[in-house]
Amino acid sequence: MTRRPTLPGAAELFRRTDAAPAPEVTELPSISATVSSPALRGGPARRGDGETTAPLTLVPGGADDADPLASFRQPAPAVTPVRPTRGRAQRTERTKHDEKITVYISAEELLALESARLTLRGRYGVAADRGRIVREAINVLLADLAERGEDSVLVSRLKGK
């Protein structure tokens, strides 16, 4: 199996918007055919039925615009990629966290964390990743420590009670 990526062909990336879809090309044209192509020279192109079609242009306004690159010089509008949600509700915002720590846990603790994540999703309908579960657990323990002090779960577990 090769590790080389498979890239889409030109027919998948570019399409005409002013005519019916062209038939799929199975082989590349020769250099002489591309040089003599009216579409590449900017003149009108003739289809197989003798009808003249407009040349291909890169700019939506056409080749007669005063500045054909004007639309490319303007900043592109921000586009948010859409990911499939597989039937679940999509979160509207993602919390950006500024700080990071690394915590090493045992295989059993990782298995328990993943089991909790699946239980939350399957039994209670709560979709949360492991990081969110850990952050919520920390918040619960710190709130308990602030409220109960010496009698908190965190103090008693760290003391070995």
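Quantities reported herein were computed from a predicted structural model and do not represent experimental measurements.

Chemist: Describe the confidence of the model for the protein chain, naming the residues involved and giving the relevant values.
Modeler: Summing up the model confidence of the protein chain, the mean pLDDT is 74 and the portion of residues at 70 or higher is 48%. Per-element confidence in the protein chain is highest for helix α5 (residues 107-124), whose mean pLDDT is 95, and lowest for helix α3 (residues 38-41), whose mean pLDDT is 53.

Chemist: Give me the side chain of D144: which residues, what numbers.
Modeler: Mapped onto the fold, D144 is located in helix α6 (residues 130-148). The class for D144 is buried, based on a relative accessible area of 14%. The contacts of D144, once residues within four sequence positions are left out, are G149, S152, V153 and L154.

Chemist: So what's going on with the environment of I138? Residues and values would help.
Modeler: Within the secondary structure, I138 sits in helix α6. Separated by 16 residues in the primary sequence, I138 and L154 have C-alpha atoms spaced 9.9 Å apart.

Chemist: Residues and numbers for α5, please.
Modeler: End to end, α5 covers 25 Å across 18 residues, agreeing with the expected 26 Å (1.5 Å per residue, within 8%). Backbone geometry just after α5 places G125 at a positive phi near 70 degrees.

Chemist: Could you give an account of the pattern of salt bridges, naming the residues involved and the relevant values?
Modeler: Tallied over the full model, the rule gives four salt bridges. Here E114 makes a salt bridge to R117, at a shortest N to O gap of 2.5 Å. In this pair, E114 and R117 are both assigned in helix α5, three residues apart and thus about one turn of the helix distant. Since its relative accessible area comes to 21%, E114 is described here as partly exposed. Between R148 and D144 there is a salt bridge, and its shortest N-O distance comes to 3.4 Å.

Rules used throughout
- Residues numbered from 1 in each chain as written.
- Predicted model: local features only at pLDDT ≥ 70, side-chain atom pairs only at ≥ 80, totals over all residues.
- Heavy atoms only, no water.
- pLDDT = per-residue confidence, 0-100.
- Helix = DSSP H or I, 4+ residues; strand = E, 2+ residues; numbered from the N terminus.
- Buried < 20%, exposed > 50% of the residue type's maximum accessible area, 1.4 Å probe, protein only.
- Contact = heavy atoms within 4.5 Å.
- Expected span 1.5 Å × (residues − 1).
- Salt bridge = Lys/Arg side-chain N within 4 Å of Asp/Glu carboxyl O.

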